[in-house]
Amino acid sequence: MSETTMNLTLRVWRQKNAQSAGTFVEYEAKNISVDMSFLEMLDVVNEELTARGEDPIAFDHDCREGICGMCSLTINGKAHGPLEATTTCQLHMRSFKNGDAITVEPWRAKPFPVIKDLVTDRSAFDRIIQVGGFVSVSTGGAPDGNALPIPKTDADAAMDAAQCIGCGACVAACKNASAMLFVAAKVGHLGLLPQGQTERDRRVLHMVAQMDEEGFGNCTNIGSCSAVCPKEIGQDFISRLNRDFLKASLRAK
Amino acid sequence: MKTLKLIFLSSLGRKYVMAISGALLFLFVIGHMLGNLQIFLGKDFLNAYAHFLKATPELLWPARIGLLVLAILHIVTAVQLAIENRRARPLAYDGTKIYAASFAAQAILFSGLVVLAFIVYHLLHFTFGKIQPEALTYTVMYKGEPIHDVYKMMVMGFSNPWISAIYLICMGLLCLHLSHGVSSLFQSLGWKTNAYRNAIDKFAKISALIIFLGNCAIPVAILLGLVK
Ligand code: HEM
Ligand code: FES
């Protein structure tokens, strides 16, 4: 056994479809390079499964460079695995030791039903965006670059929130399966910019209503969401969401 | 009307209800503690204060009704939110770990329920006289008329080490509840910005500790024979 490869025991959640009950199945992952990402490791396991004629493990992924928000996985009980500020696709096997046993589960939340194995349906987030996570602008010629001055501190804060890739790790990690951090990031991002002001009240009221409708839990200000967020979106945005919703509620007619 | 609906039916709105009712109960706990600490000023001070409260119904009853309403709002909302939170994750993780969570934050519902049990016990003890029936019978002369001897009631009550132990343990849990609750209420109302985050967390912990020490000082002083 050289230092550049490792053998692992995986305990993976297998579930045929949304209707059936799932269960953990053990797999051996042999000769895994320390330089592989976690998803590449699963690719290797899946190739073996396919070669043996078994059903490969279904998991979500797209960009594999930490920007699309498709990858998920709760690894040893932590959303996106042991590292901070890292998506599962950017997690490398050097973060594990030879001989480790690793438990891999899907995001678990009622609004994120399992479609198959580790793949969950996160369209609840899309519906939240659809009711207000945008600014309405008229199309036409591109506006001048500096026509709309934005203070640097606001632009920076808006960019911090805009980093949210909508992966759902916040929901997965929250003991209440609350979507507060996601909604807070979207509401904060647009509410910090001048373009977002006209629809500010409407946006926050609609997005929170949709969040509640989807069946997410309620925030108890614990902070697990920010701790696992691959983009390190802070609790400050949740406070801001609470403030915005309070003001909008008081003004609501 | 729309505003009321948003506050009492939405997830965030009900957190405002938790936060505001919790904040007012917190202020009551401080006032209640300061009132009782008059035991250290002597028998006459405490009894005069207690008599003043009892003899001023226009103060006593609005306060009692207000507290009851606040407690009901706080507890009913807490239980509602907690039930919804359980429902939002029907299937638990294999090994549930809660990241970056303080013990006080995780135990908020538990500490709250113990405080609820304690409030019931405390009222049965000193308001309804069901734990030590003789407690409400002591009298003392004040301005020529007999009034309830609250000082003696407290000394007799806390001379029983079992009763004192119950009070001390429950104050510990109230302290735990407030060490998260008081900082959480600022976040829930949207007042906890990064600039004040650490200061608010410290304020919550220190005020919870002061409430613990202040309230515990009374049974401890009585058990040690410093107040008799
Ligand atoms: C009587 C039984 C009580 C129960 C069952 C209870 C329960 C709870 C629960 C579950 C929470 C968390 C709510 C959430 O984050 O969604 C909470 C928060 C809080 N509680 Fe209590 N509590 C009780 C009594 C008290 C008392 C007596 C006080 C004040 C001295 C108090 C002050 C607070 C505060 C300040 C919060 C923070 C509110 C927030 O997160 O916005 N609670 N309580
Ligand atoms: S696959 Fe795109 S963020 Fe991980």
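Residues numbered from 1 in each chain as written. Chains lettered and ligands numbered in written order. Predicted model: local features only at pLDDT ≥ 70, side-chain atom pairs only at ≥ 80, totals over all residues. Heavy atoms only, no water.

### Observations regarding the overall build of chain A
Basically, it comes down to this: A run of DSSP states H or I qualifies as a helix once it reaches four residues; a run of E qualifies as a strand once it reaches two. Both are numbered from the N-terminal end. Burial classification: accessible surface area is computed with a 1.4 Å probe over protein chains only, and a residue below 20% of its type maximum counts as buried, one above 50% as exposed, and the rest as partly exposed. Contact definition: two residues touch when any of their heavy atoms are within 4.5 Å. Computed with the Shrake-Rupley method and a 1.4 Å probe, the accessible areas treat only the protein chains shown as cover for residues. Under the convention used here, Asp and Glu are negative, Lys and Arg are positive, and both His and the chain ends fall outside the count. For the purpose of locating charges, the reference atoms are NZ of Lys, CZ of Arg, CG of Asp and CD of Glu.
Each helix and strand in chain A was counted, giving 8 helices and 7 strands. Referenced to the eigenvectors of the C-alpha coordinate spread, the extents of chain A come out at roughly 65 × 40 × 35 Å. Among the 253 residues that make up chain A, the fraction classed as buried is 52%. Within chain A, residue pairs in contact and separated by at least 24 positions form 69% of the contacts whose partners lie at least 6 positions apart. Carbon and sulfur atoms form 51% of the exposed surface of chain A, whose accessible area is close to 11200 Å². Positive and negative side-chain charges of chain A, numbering 26 and 31 respectively, have mean locations separated by a distance of 6 Å.

### Description of the side chain of Arg122 of chain A
Residue and element names in this part refer to chain A. Going by this rule: Under this definition, polar contacts are N or O atom pairs within 3.5 Å; protein pairs additionally need one hydrogen-donor-capable and one acceptor-capable atom, and for neighbouring residues in sequence, both atoms have to be side-chain atoms.
Within the secondary structure, Arg122 sits in the loop between β7 (119-120) and α2 (123-130). On the basis of relative accessible area, Arg122 is assigned to the buried category, the value being 10%. A polar side-chain atom of Arg122 sits 3.1 Å from the main-chain carbonyl oxygen of Gly69. For Arg122, the residues in contact, after removing those within four places along its chain, are Asp60, Gly69, Met70, Cys71, Ser72, Trp107, Phe112 and Cys167.

### Comments concerning empty space enclosed by the protein
Residue and element names in this part refer to chain A. What counts here: Of the two site types, the cavity is a set of points on a 1 Å grid over the protein atoms alone where a 1.4 Å probe fits but cannot get out, and the pocket is an open set with protein on both sides within 12 Å along at least five of seven lines, each lined by residues with an atom within 4 Å of a point. Grid points are joined across faces, edges and corners, and a volume is the space filled by probe spheres set on the points. Classification convention: Asp, Glu, Lys, Arg as charged; Ala, Val, Leu, Ile, Met, Phe, Trp, Tyr, Cys, Pro as nonpolar; all other residues, Gly among them, as polar.
Inspection of every chain in the model, using the stated rule, returns 3 cavities of 30 Å³ or more. Looking at the largest cavity, its volume works out to about 120 Å³. Lining the largest cavity we find 16 residues, and of these Cys174, Cys219, Ile222, Gly223 and Cys225 sit closest to its centre. Breaking the lining of the largest cavity down by element, the ones donating at least two residues are α5 (180-191) and α7 (224-228). Taken together, the residues of the lining of the largest cavity break down into 9 nonpolar, 6 polar and 1 charged. Put simply, the second largest cavity is a space of about 100 Å³. Together, 13 residues line the second largest cavity, and Cys164, Cys167, Cys170, Cys229 and Ile233 are the ones closest to its centre. Of all the elements in the fold, those that place two or more residues in the lining of the second largest cavity are α4 (169-173) and α5.

### Overview of the site of ligand 1
For clarity, the cut-off: Consider each residue's heavy atoms; a residue with any of them within 4 Å of a molecule or strand counts as near.
Around ligand 1 sit 26 residues in total, of which Lys15, His74, His177, Ser184 and Ser188 of chain B are the nearest. Nearby residues around ligand 1 are contributed by chains A and B. Between a nitrogen atom of ligand 1 and a side-chain N or O atom of His74 of chain B, the distance comes to 2.8 Å. At 2.7 Å, a side-chain N or O of Ser188 of chain B approaches an oxygen atom of ligand 1. Looking at the shell around ligand 1, the elements that each hand over two or more residues are α2 (11-36), α4 (57-87), α6 (108-127) and α8 (161-188) of chain B. When the residues that make up the shell around ligand 1 are grouped by side-chain class, the tally is 16 nonpolar, 9 polar and 1 charged.

### Overview of the domain arrangement of chain A
How large an interface is tends to be reported as the accessible area lost when its parts come together. Residue and element names in this part refer to chain A. Put simply, the rule reads: The source of the domain bounds is an automatic or database domain assignment. Buried area is calculated as the accessible area (1.4 Å probe) missing from two parts once they are joined, with the contributions of both summed.
Taken domain by domain, chain A consists of domain 1 (5-116) and domain 2 (122-252). Of note, the centres of domain 1 and domain 2, computed from C-alpha atoms alone, are 29 Å apart. Facing 20 residues of domain 1, the contacting portion of domain 2 comprises 21 residues. Together, the buried faces of domain 1 and domain 2 total about 1500 Å²; carbon and sulfur atoms form 63% of this surface.

### Here's the deal with the pairing of strand β2 (residues 145-148) of chain B
All names here are of chain B. Where we set the bar: Strand pairing follows a simple DSSP-based rule, namely that at least 2 bridges must link the two strands.
Two strands pair when backbone bridges link them, and strand β1 (residues 139-142) and β2 are joined in this way by 4 bridges, in the antiparallel orientation. By the bridge assignment for β2, Val140 is matched with Ile147. In this structure, the hairpin formed by β1 and β2 is closed by a connection of 2 residues, where Lys143 is found at a positive phi of approximately 50°.

### Details of the coordination of the iron atom of ligand 1
Residue and element names in this part refer to chain B. For clarity, the threshold we go by: With water omitted from the atoms examined, metal sites may look incomplete; donors here are N, O and S atoms no farther than 2.8 Å from the metal, or 3.2 Å in the case of Na, K and Ca. Metal sites are grouped by the angles between bound donors: all angles between 85 and 135 degrees with four donors is tetrahedral, opposite donors over 155 degrees apart with the others between 65 and 115 is square planar for four donors and octahedral for six, and any other pattern is irregular.
Taken together, the protein donors to the iron atom of ligand 1 comprise His74 (NE2) and His177 (NE2), at separations of 2.0 to 2.1 Å. Around the iron atom of ligand 1 sit 6 donor atoms; with metal-centred angles ranging over 87 to 179°, the donor geometry is octahedral. Within this pair, whereas His74 is found in helix α4, its partner His177 is found in helix α8, the two being separated by 103 residues in sequence.

### What about the sheet that holds strand β2 (residues 23-33) of chain A?
All names here are of chain A. Applied cut-off: In this analysis, axes come from line fits to C-alpha atoms, helices being fitted only over the stretch in contact, and the angle between any two N-to-C directions falls in the range 0 to 180 degrees.
One open sheet holds the 5 strands; their spatial order is β2-β1-β5-β3-β4, and the pairing between them is mixed. The sheet is open, and its two borders are formed by β2 and β4 (78-79), each paired with just one other strand. The pairing of strand β1 (residues 5-14) with β2 spans 9 bridges and is classified as antiparallel. Residue pairing in the sheet places Arg11 in a bridge with Glu26 of β2. Packing against the sheet, helix α1 (residues 38-51) makes contact with β1, β2, β3 (74-75) and β5 (101-105), and its axis sits at approximately 105° to β2.

### Details of the interface of chain B and chain A
For clarity, the threshold we go by: The working definition used for a salt bridge is a side-chain nitrogen of Lys or Arg within 4 Å of a carboxyl oxygen of Asp or Glu.
Contacts between the two partners involve 41 residues from chain B, matched on the other side by 50 residues from chain A. Between chain B and chain A lies a buried interface of about 3600 Å² when both sides are counted; carbon and sulfur atoms form 53% of it. Scanning the region where chain B abuts chain A turns up 2 salt bridges. Between Asp94 of chain B and Arg11 of chain A there is a salt bridge, with its nearest N and O atoms 2.8 Å apart.

### Points about the packing of α2 of chain B against α8 of chain B
All names here are of chain B. To keep things clear, this is the line we draw: Small angles under 35 degrees read as roughly parallel and large ones over 145 as roughly antiparallel, with 65 to 115 read as roughly perpendicular and the rest as oblique. If you view the pair so one helix is near and one far, a crossing is left-handed when the near helix is turned anticlockwise from the far one by less than a right angle, and right-handed when it is turned clockwise.
Two elements in contact, α2 and α8, have axes whose closest approach is 9 Å; the angle formed by their N-to-C orientations is 130°. Of the possible angle classes, the one that applies to α2 and α8 is oblique. In the crossing of α2 with α8, the sense of the turn from one axis to the other is left-handed. Along the contact surface, α2 presents Lys15, Tyr16, Ala19, Ala23, Phe26 and Val29, while α8 presents Leu174, Leu178, Val182, Leu185 and Ser188. Looking at the contact of α2 with α8 residue by residue, the class counts come to 9 nonpolar, 1 polar and 1 charged.

### Notes on the packing of aromatic side chains
Convention followed: Pairing of aromatic side chains here covers Phe, Tyr and the six-membered ring of Trp, requires ring centres within 6.5 Å, and sorts the geometry by plane angle: under 30 degrees stacked, over 60 edge-to-face, intermediate tilted.
Evaluation of the coordinates by the stated rule reveals 15 aromatic pairs over all chains. Ring geometry for Phe112 of chain A and Phe216 of chain A: centres 5.6 Å apart, planes at 80°, overall edge-to-face. Of the two residues, Phe112 of chain A sits in the loop between β5 and β6 (114-116) while Phe216 of chain A sits in the loop between α6 (200-214) and α7, which places them 104 residues apart along the sequence. Taking the centre distance of 5.9 Å and the plane angle of 80° together, the rings of Phe126 of chain B and Phe158 of chain B count as edge-to-face. Of the two residues, Phe126 of chain B sits in helix α6 while Phe158 of chain B sits in helix α7 (residues 150-159), which places them 32 residues apart along the sequence. Pairwise contacts between aromatic rings join Phe118, Tyr121, Phe126, Phe158 and Tyr167 of chain B into one cluster.

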